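# Topology and contacts: notes
The residues making up each chain are set out below.
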Amino acid sequence: MVMSKPKAFSNSNAPLTPPIFYILLALASRERHGYEIMKQVTHDSNGTVRLGAGTLYGAIKRLLEDELIVEVDRDHARRKYYQLTDKGHTIFANELQRYSNAVELAKTRSLLGDIPLAEAAL
Amino acid sequence: MPSHVDERDTATDQRLTISEALLYLYPESFRDKFGGEIQMVFQDAYQEELAMRGTVSLGFWLSALIDLVQSVVAQHADIIRKQGMKSYLQETLQLNKFHVIGAILLLPFAFLLGVDFVGRVIQGDLLRSNAEFAQGLSLWIAGSGQAPLLWIIFVSLPLAAVVLNMIPVIRSRFAPKQAEAATKRLNLLTVAIIVIGLGLVTFAFGHDVIPCLARHLLQNGLNNLPNTLAVCGNA
């Protein structure tokens, strides 16, 4: 029995999962190889998202299949580097906009005023 | 980013060889495309842990093991989802018929011994009667009255053999020779750890100690570990 394939990122209105979001965030500024992505994800998430090598490349495989990232040719590079595609930038921008809208909504309802940001992050 | 250390010690080489062999648990297509990259990332993380702490902690290995299990299951599930179960099984089981036959022959023994083990842990009536049957059968086959060492060896060998045989079932038949050798070393290491470990524990504490530890750990977790060790040590 063939099970249904999960929805591609571009066909889904669902928010990105934290690992996928932080991988796209890591690649939004520049191209990186796997270990750089892993370190950047841990740093950007304040250690709340830690990717093992297998999980990282499982996510990279899916992002490649959905054409959100591509491998970059680098002369003499021993490692593979990855960068966002235009489609990846669009998906990531949409996700940031979703977050921005949520923050604006929270501000208009005065939900952020009483909560120190450091505590809110916890 | 840590620099790669050219002059690694033997222990480090052995651990990285084991991690390389474990890549064969991934589906062939995933391993061919990302196996080398995964190994490089793991080496970087390993070297950084070593540089920061002076040693590689148990937590590092635990998180690496959890990541391995999660990602291996996820990748095989992904193949099944895309190709279907029938195609997946055909592709997997045709890899090495000798190993498949060996595993199938040994699985009934492993099942009986598993029932024995579970029966001892849970102590349920139904399971206990099955456990007595399984233990009786295993003792009869082992030709031993009550010798715990023989019983434990009898438990260990089929289980180790199943582990030994199931790994090649999962891996590709087109494996490069170097990695093939690494996988064989891992299999031998698995057998050695299971047989020697269980044998030593049995020699030291008797054959009830492992079910006793499992029962207490299931009930209490790691709470009051010294008491658990004391109770099971005297079991």
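Scoring rules and cut-offs
- Residues numbered from 1 in each chain as written.
- Chains lettered and ligands numbered in written order.
- Predicted model: local features only at pLDDT ≥ 70, side-chain atom pairs only at ≥ 80, totals over all residues.
- Heavy atoms only, no water.
- Helix = DSSP H or I, 4+ residues; strand = E, 2+ residues; numbered from the N terminus.
- Buried < 20%, exposed > 50% of the residue type's maximum accessible area, 1.4 Å probe, protein only.
- Contact = heavy atoms within 4.5 Å.
- Areas by Shrake-Rupley, 256 points an atom, 1.4 Å probe, with all protein chains shown as cover.
- Core = buried A, V, L, I, M, F, W, Y, C linked by side-chain atoms within 4.5 Å.
- Pairing = 2+ DSSP bridges.
- Phe/Tyr/Trp six-rings, centres within 6.5 Å; stacked < 30°, edge-to-face > 60°.
- Axes fitted to C-alpha atoms, helices over the stretch in contact; angles between N-to-C directions.
- Parallel < 35°, antiparallel > 145°, perpendicular 65-115°, else oblique.
- Left-handed = near helix turned anticlockwise from the far one by under 90°.
- Nonpolar A, V, L, I, M, F, W, Y, C, P; charged D, E, K, R; others polar.
- Buried area = accessible area lost by both parts, 1.4 Å probe.
- Salt bridge = Lys/Arg side-chain N within 4 Å of Asp/Glu carboxyl O.
- Polar contact = N/O pair within 3.5 Å; in protein donor to acceptor, adjacent residues only side chain to side chain.

### With respect to the overall build of chain B
- Counting its regular elements, chain B contains 10 helices and zero strands.
- Overall, chain B shows an N-to-C arrangement of helices and strands of α-α-α-α-α-α-α-α-α-α.
- Every one of the 235 residues in chain B was classed for burial, and the buried ones make up 38%.
- The contacts of chain B with a sequence gap of at least 6 include a subset with a gap of at least 24, amounting to 62%.
- Total accessible area on chain B is roughly 13400 Å²; 67% of this is exposed by carbon and sulfur atoms.

### Considerations on the nonpolar core
- With 41 residues, the main nonpolar core has I23, L24, I37, Y57, I60, I69 and Y82 of chain A as its most contacted residues.
- The set of elements that each furnish at least two residues to this core consists of helix 1 (18–29), helix 2 (34–44), helix 3 (53–65), strand 3 (81–84) and helix 4 (86–108) of chain A together with helix 2 (28–53) and helix 3 (58–83) of chain B.
- If we skip the residues at most four places from it in the chain, Y57 of chain A touches G34 and Y82 of chain A together with F30, F34, E37, I38 and V41 of chain B.

### Some words on the sheet that holds strand 3 of chain A
Residues and elements named next belong to chain A.
- Read from one edge of the open sheet, three strands run 1-3-2, paired in antiparallel fashion. For this open sheet the edge positions go to strand 1 (32–33) and strand 2 (69–72), each flanked by a neighbour on one side alone.
- Alignment of strand 2 against strand 3, held across four bridges, turns out to be antiparallel. Counterpart to E71 in the pairing with strand 3 is Y82.

### Details of the packing of aromatic side chains
All names here are of chain A.
- Under the defined criterion, the tally for this structure stands at 12 aromatic pairs over all chains.
- On the basis of an interplanar angle of 55 degrees and a centroid distance of 5.0 Å, the ring pair of F21 and Y99 is categorised as tilted. Here F21 is found in helix 1, whereas its partner Y99 is found in helix 4, with 78 residues between them in sequence.
- Relative accessible area serves as the criterion here: at 7%, F21 is assigned to the buried category.
- Among the residues examined, Y99 registers a relative accessible area of 38% and is labelled partly exposed.

### A short note on the environment of Y46 of chain B
- In this structure, Y46 of chain B sits in helix 2.
- For the pair Y46 of chain B and V56 of chain B, spaced 10 residues apart in sequence, the C-alpha to C-alpha distance is 7.2 Å.

### Side note on the environment of F92 of chain A
All names here are of chain A.
- Relative to the elements of secondary structure, F92 occurs in helix 4.
- C-alpha of F92 to C-alpha of L16: the two residues are 76 residues apart in sequence and 8.7 Å apart in space.
- With residues up to four places along the chain from it excluded, the contact list for F92 reads F21, L24, L25 and A28.

### Concerning the packing of helix 1 of chain A against helix 4 of chain A
Residue and element names in this part refer to chain A.
- It is at 10 Å that the axes of helix 1 and helix 4 come closest, and there the two elements cross at 115 degrees. Taken together, the axes of helix 1 and helix 4 lie roughly perpendicular to each other. Read as a crossing pair, helix 1 and helix 4 show a hand that is left-handed. Where helix 1 approaches helix 4, its residues F21, L24, L25 and A28 are matched on the opposing element by H89, F92, E95, L96 and Y99.
- Looking at the contact of helix 1 with helix 4, its residues break down into seven nonpolar, one polar and one charged.

### With respect to the interface of chain A and chain B
- Taken together, the contact between chain A and chain B spans 26 residues of the former and 26 residues of the latter.
- Of all residues in chain A, the largest losses of buried area upon contact with chain B belong to Y35, Y57 and K61 of chain A, amounting jointly to 30% of the total for that side.
- Our count for the contact surface shared by chain A and chain B stands at five salt bridges.
- Taking the shortest distance from any N to any O, the salt bridge between K82 of chain B and E65 of chain A comes out at 2.9 Å.
- Across the chain A-chain B interface, the total number found is 13 residue pairs in polar contact (both at pLDDT 80 or more).

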